[in-house]
Structures are given as structure tokens and as C-alpha cells.
Amino acid sequence: MNPYSRPCPCVQAQHAAEPRQDQVLAPLRALLAAILLCVTPLVSANGEIGEHVKDLSGNLDNYATEIDWLMTQVDGIVAAYEEGGLAAAKPAAVVDHWEAVDFHAAIETNYIPLYASIWQGLFGVRGAIEAGQPLEAVRSEQAKLEVTLWQALGAVKMAAKLQETGYAAPRSSDGTDLSPVATLDDVKNNLDRVVAKYAEQLSDEAIEIVQDTYLTRFEGVEGDLIEQDADLVENLEVDFNVTLPKAIQDGMSVNDVRAVVAAMHDKIDRAKILLSDAEANRSSVF
């Protein structure tokens, strides 16, 4: 049994949590289409995923309790900072607490963009404390982290509904046996993982994903795409081999790296349209 699944007496239980969930669930419906495209990995960043991800609906209450527990731990760290400064706060523990909960794997295997945002929020709190910022700034980072966590729970709730209907997200381990358009979807998913790894402060792993995605996925569709728009291919090649790796190596902010990836997503969406139109034209001829 997860040691953090017990209700935490330091929090106003889930009665206080429910309004926050309700406030964020409405905009999350817009994320449904994106969730459908997410690739579900066999392992999480911290090892084998637990059996709980096979029964998301049965674990939603546990996830909510874990979020309450996690925010209580974060609040304790911030309170310690207020009272005794950096030495008393031990801000690095925010990451340990996050990696201890089951919810970590639940969101990682279902919606990578929010998974990356959670890591960004964790390091936002940690970084603000380590930089000796005013308490108000630290509390602001804490509040943003909490909102992101409840948004993530909403995303997992939608994933749970899909799981109950028997929907299985498409998977690809190496990008093979996929149509060119599906391969580009796989590329976009991997780019989201790059942001997640960078948010975890795993820059080397992030760059490995960039390189592997270019070699094993994008290069496989380059030939078809060059016939449609050679300049677009060249732009994406620069993004894969220069722009994105350099942003990571230069230690740019997570938001800046996310912006590079977002721009690449736009170009890939353009590539998908071109390849889809080309395939439709070929089909009409034959």
C-alpha cells in the first residue's frame, strides 16, 4: 500500500480540494483530443510503472489524496523557509516527494505536456527558495504548482474514462510500421517528451530523444516531404540539429525550450497536411 495514500490531517481534506478540481476541469475538456494522441510508454522516468495505471478510475481518490499530501509537504518546506531560511527549508525534497507518489506515473503515462509543467512547477518552488527570493515570490510558485497538479488530475480523469471504454492510445517504439502522417504524430509526442525531460533537468536525456527522433522518425519521411516542400524540411532539420539542442545546451528556460518545440509542432502540422494531400492525390489517380 502506498504510504502516502492515507488522508492527510494537515489539509482540509478533499472537501477543500473539490472546488479547485471543478474550477480546472472545464478547460481541460479542450485537452481531450491531445490526450488521444499521446503515446503510452512501458516505463516511467523512474522505472517500471505500477499496476495502478491499468485501473485509473479505481485510483482517482488515491491520486487526489496524494496531491493533497504533496502540497502539504511543499507548504511545510515553504513555511520552514519563512521561519529559518534556506538551510531549514531543504527545498530539494520537493522532487523526492513528487517521485514518491503514484500520481507521478499516472500523469506521465497519459499527458506529457502537463507532466512537464509539473516538473517546471516543482523546480519553480525549489529555485525560488534556493535563490533566496521573497516569501511572496515563493508562495506564487507554490500556487502555480498546485493549480497544475489539479489540472493534471483532470487530465487523468479523462484518460480514465477513455480507459473504461476500451480505448488504447497508439504506440510505437521505433517509429516503424507507421504511415508518414502517423510518424509525424509520433515525432510531436517525442518532442513533448523532450520538454518533460528538460523540465526534470535531464538535459542529456532530452538531447538523446531529439537525436533519436530525428534519426529514427523524421528522416523516414523526409523523402516524401521534400517533394512537397523542401524548405520546410530544411527548416525542421535545422530545428532538430541546431535550434532545439542549442536551446537545451545553453540552459534556456523551460518556457523558451517549450516555445521552440511549439514552433516545431506548427511546422510538423504543416508537413502532415502536405503529406495527407499528397496521399489523397495519389489515391485519386489510381
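Residues numbered from 1 in each chain as written. Predicted model: local features only at pLDDT ≥ 70, side-chain atom pairs only at ≥ 80, totals over all residues. Heavy atoms only, no water.

Comments concerning the overall build of the protein chain
For the protein chain, the count of helices and strands is 11 helices and two strands. The helix and strand sequence of the protein chain, counted from the amino end, reads α-α-β-β-α-α-α-α-α-α-α-α-α. Here the protein chain holds 286 residues, and 46% of them are scored as buried. Here the analysis covers contacts within the protein chain between residues at least 6 apart in sequence; of these, 80% occur between residues at least 24 apart. (Helix = DSSP H or I, 4+ residues; strand = E, 2+ residues; numbered from the N terminus. Buried < 20%, exposed > 50% of the residue type's maximum accessible area, 1.4 Å probe, protein only. Contact = heavy atoms within 4.5 Å.)

Some words on the nonpolar core
Soluble globular proteins tend to pack their nonpolar side chains together in the buried interior. Counting 76 residues, the largest nonpolar core has Trp98, Phe103, Ile107 and Leu244 as the members making the most contacts within it. Ranked by the residues each element gives to this core, the list is headed by helix H3 (residues 56–89), at 13 residues. (Core = buried A, V, L, I, M, F, W, Y, C linked by side-chain atoms within 4.5 Å.)

Here we look at helix H9 (residues 203–228)
At Phe218, H9 shows its strongest bend, of approximately 50°. Of the positions making up H9, those classed as buried are Ala206, Ile207, Ile209, Val210, Thr213, Tyr214, Arg217, Phe218, Val221, Glu222 and Leu225. (Bend = angle between axes of the 7 residues up to and from the residue.)

Overview of the packing of helix H6 (residues 112–130) against helix H7 (residues 135–164)
When two helices pack together, you describe them by how their axes are tilted relative to each other and by the distance separating the axes. Across the interface, H6 lies against H7 with an axial gap of 9 Å and an inter-helix angle of 165°. If you check the angle between H6 and H7, you find them roughly antiparallel. Relative to H7, H6 is oriented so that their crossing is left-handed. Contact residues: H6 offers Leu114, Ser117, Ile118, Gly121, Leu122, Gly124, Val125, Ala128 and Ile129, while H7 offers Val138, Glu141, Gln142, Leu145, Thr148, Leu149, Gln151, Ala152 and Ala155. (Axes fitted to C-alpha atoms, helices over the stretch in contact; angles between N-to-C directions. Parallel < 35°, antiparallel > 145°, perpendicular 65-115°, else oblique. Left-handed = near helix turned anticlockwise from the far one by under 90°.)

Quick word on the pattern of salt bridges
This model, assessed by the stated rule, comprises 11 salt bridges. For Glu130, the salt bridge is made with Arg126, and the minimal N-O distance between the two is 3.0 Å. You can see Glu130 and its partner Arg126 sitting in helix H6, four residues apart, about one turn around the helix. Using a relative accessible area of 41% as the deciding quantity, one classes Glu130 as partly exposed. A salt bridge links Asp186 to Arg217; the nearest nitrogen and oxygen atoms lie 3.0 Å apart. (Salt bridge = Lys/Arg side-chain N within 4 Å of Asp/Glu carboxyl O.)

What about the packing of aromatic side chains?
Under the criterion given, the structure shown has seven aromatic pairs. Among the aromatic residues, ring-to-ring pairing joins Tyr63, Trp98 and Phe103 into one connected group. (Phe/Tyr/Trp six-rings, centres within 6.5 Å; stacked < 30°, edge-to-face > 60°.)

From the geometry alone we can't say anything about function, so treat these as descriptive.
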